[in-house]
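Listed below, chain by chain, are the residues.
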Amino acid sequence: MMISVQGLYKQFGEVEVLKGIDLKIQKGKVVVIIGPSGSGKTTLLRCLNVLEKPDKGKIRIGEKELDFAKSVAKQEIHAFRRLTGMVFQNYQLFPHMTALENVMEGPVTVKKEAKAQARQKAMDLLKKVGLVQQADQYPFQLSGGQQQRVGIARALAMEPEVMLFDEPTSALDPELVGEVLKVMKDLAAEGMTMVVVTHEMRFAKEVADEIIFMDHGRIVEQGKPEQLFINPQHERTKQFLRLIE
Amino acid sequence: MVKMYLSYLNNIMMDHDRLERLASIAQSSLLPLVKGALYNTIPLTIITFFIGLLLAILTALARISGIKLLHGMARVYVSAIRGTPLLVQLFIIFYGLPNLGVTIDPFPAAVIGFSLNVGAYASEIIRAAILSIPKGQWEAAYSIGMSYGQVLRRVIFPQAARVSIPPLSNTFVSLVKDTSLASLILVTEMFRKAQEIASTNYEFLLVYTEAGLIYWVICFGLSIIQDRIERRLNRYIAR
Ligand SMILES: Nc1ncnc2c1ncn2[C@@H]1O[C@H](COP(=O)(O)OP(=O)(O)OP(=O)(O)O)[C@@H](O)[C@H]1O
Ligand SMILES: [Mg+2]
């Protein structure tokens, strides 16, 4: 098991956003999370790399486990975060760094890698996402699709066990969506474990090993794409799928 | 005002001897004034600005830390400094502290007073600059495993610097001019030099105007430097 989540709860003020999430994801699998707005998809993803601290529950990624019923030290959280790479809806590149510097930043600052070596690795990653030409450009000089691909390369540079994507294409012009999805498909084909929140149903059908449908802070239904899309078991799932068709 | 100044100039022009006397005073006072600027005004400005900036950063961090005690101390400090005249602060440090047995020489006393002052005002600038950086930048930096300190140093400060350069430049320029107050706690900076010179020859208008011009030249030079820095920091922003 690559990821295992047990009894995860998260509350913002009075609002319970995650109400007991249990989840297991095997190494190399691509899991797509769908669900209506406000159902807690982003929050779940953010809990997986502890950008949001759960109130209760356990998360295990690879060999490391955090139990949020107990107090967790900062260092543990920092170490835990390095197991996952996060790709944000609005890219969140560092605007004062070039594409190459964005990708090198983690290895150099966090992993203390030598610059020359980090640069070489970063160039390889930029090549992988098709942006060698743009290495020395600043984010403002790149299109949304290019920025998002740099974002993916930046996350990959930390050599995470798992990649998390929160609606990676929903801020993009339609004609730029394909280039980002292509990079994600390539990653999946290489065997990367991925958790993807997306409204791109074609991507979900083609690439996902498993679909999770969330509603009101719970996982309502979970299954293979062909099963969940064609023959959903729950009324809420049917309703939601009808809405997005 | 202008009319009077012009008629004053006119009178001088009529009187050849007086003109010569003024020219020689202007010339002979230039060197002491520039020395006052180079040995005291400028060092005082630079030293206090950097100490003040450091204080400001610490104060700003204390205020956004969410740690109640630090936050409270920072707020009291900023409020006290902003709520009292700079001159009163300088007098307390230089003339007041000796009553407690703490005697400080003029120059270090000025450094302390001005640094505390800059620290309080600039902390507001820096706090606002840090808060202006989107939360997503913190999250992106945390998500690649950075610690709080690393996020500040590598991601937040470089971007906050760009935002805060124009207001910090204002602080710096004000500081250059405010150092003239140090004359009142016996620092022989440029303005005190001007007072000393004028008190021997009674050409107040001439000597103080000369001092004013030197302040202006310094501030003008600063605005050129500011421009350079801004252009450099703006290179990654779309225009
Ligand atoms: N930092 C926060 N403070 C308070 N409430 C929050 C916070 N973040 C999220 N919420 C609330 O939690 C609920 C779930 O939000 P979340 O962003 O996880 O939903 P989502 O499934 O990702 O929705 P969407 O499809 O719109 O992105 C929402 O009601 C939201 O308003
Ligand atoms: Mg969301």
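Check the entry above for the structure.
Residues numbered from 1 in each chain as written. Chains lettered and ligands numbered in written order. Predicted model: local features only at pLDDT ≥ 70, side-chain atom pairs only at ≥ 80, totals over all residues. Heavy atoms only, no water.

*Asks:* Describe the packing of helix 2 (residues 16–64) of chain B against helix 9 (residues 204–233) of chain B, listing the residues and the values that go with them.
*Replies:* To describe two helices that pack against each other, one gives the angle between their axes and the distance between the axes. Residues and elements named next belong to chain B. Where helix 2 contacts helix 9, the axes come no closer than 10 Å and their chain directions differ by 45°. Of the possible angle classes, the one that applies to helix 2 and helix 9 is oblique. Of the two elements, helix 2 crosses helix 9, and the hand of that crossing is right-handed. Listed contacts from helix 9 to Leu22, Ile25, Ala26, Ser29, Leu30, Leu33, Val34, Ala37, Thr41 and Ile42 of helix 2 are Leu206, Val207, Glu210, Ala211, Ile214, Tyr215 and Ile218. Its residues assigned to classes, the contact of helix 2 with helix 9 comprises 14 nonpolar, two polar and one charged. (Axes fitted to C-alpha atoms, helices over the stretch in contact; angles between N-to-C directions. Helix = DSSP H or I, 4+ residues; strand = E, 2+ residues; numbered from the N terminus. Parallel < 35°, antiparallel > 145°, perpendicular 65-115°, else oblique. Left-handed = near helix turned anticlockwise from the far one by under 90°. Contact = heavy atoms within 4.5 Å. Nonpolar A, V, L, I, M, F, W, Y, C, P; charged D, E, K, R; others polar.)

*Asks:* Please provide a residue-by-residue account of the interface of chain A and chain B, values included.
*Replies:* Contacts between the two partners involve 24 residues from chain A, matched on the other side by 23 residues from chain B. A buried area of about 2000 Å², summed over both sides, lies between chain A and chain B, and 61% of it is on carbon and sulfur atoms. For the pair chain A and chain B, the number of links is two salt bridges. The partner of A:Glu105 in a salt bridge is B:Arg154, with the nearest N and O atoms 2.7 Å apart. (Buried area = accessible area lost by both parts, 1.4 Å probe. Salt bridge = Lys/Arg side-chain N within 4 Å of Asp/Glu carboxyl O.)

*Asks:* Quick rundown of the sheet that holds strand 2 (residues 15–25) of chain A? Include the residues and the values.
*Replies:* Residue and element names in this part refer to chain A. A sheet is described by the order of its strands in space; here four strands give the open sequence 2-1-4-5, paired in antiparallel fashion. The two strands at the open ends of the sheet, each matched to only one other strand, are strand 2 and strand 5 (64–67). Averaged over all adjacent pairs, the angle separating strand axes in this sheet is 15°, with direction ignored. With four bridges connecting them, strand 4 (residues 56–61) and strand 5 associate as antiparallel partners. Paired with Ile61 across the two strands is Lys64, which belongs to strand 5. Strands in contact with helix 1 (residues 41–48) are strand 1 (3–12), strand 2 and strand 4; relative to strand 1, the strand with the most contacts, it is inclined by about 120°. (Pairing = 2+ DSSP bridges.)

*Asks:* An account of the site of ligand 1 is requested, with residue identities and associated values reported.
*Replies:* Residues and elements named next belong to chain A. By nearness alone, every residue bordering ligand 1 is listed as Phe12, Val17, Pro36, Ser37, Gly38, Ser39, Gly40, Lys41, Thr42, Thr43 and Glu167. Ser39 is positioned with one of its backbone polar atoms (N or O) 3.2 Å from an oxygen atom of ligand 1. With the chains in place, 59% of the 630 Å² that ligand 1 exposes on its own is no longer accessible. It is helix 1 that contributes the most residues to the shell around ligand 1, three residues altogether. Looking at side-chain class alone, the shell around ligand 1 contains three nonpolar, six polar and two charged residues. (Near = heavy atom within 4 Å. Polar contact = N/O pair within 3.5 Å; in protein donor to acceptor, adjacent residues only side chain to side chain. Areas by Shrake-Rupley, 256 points an atom, 1.4 Å probe, with all protein chains shown as cover.)

*Asks:* Break down the side chain of A:Asp215 for me, citing the residues and quoting the values.
*Replies:* Within the secondary structure layout, A:Asp215 lies in strand 9 (residues 210–215). Every residue in contact with A:Asp215, bar those within four places of it in the chain, is listed here: A:Pro36, A:Ser39, A:Val220 and A:Arg236.

*Asks:* Outline the pairing of strand 4 of chain A, supporting the account with residue identities and numerical values.
*Replies:* All names here are of chain A. Only one face of strand 4 is buried: it carries Gly57, Ile59 and Ile61, and the other face, with Lys56, Lys58 and Arg60, is open. Where strand 1 and strand 4 come together, five bridges link them in antiparallel fashion. Bridged to Tyr9 within strand 4 is Lys56. Where strand 4 folds back onto strand 5 in an antiparallel hairpin, the turn is made up of two residues, including Gly62, whose phi is positive at roughly 60°. (Buried < 20%, exposed > 50% of the residue type's maximum accessible area, 1.4 Å probe, protein only.)

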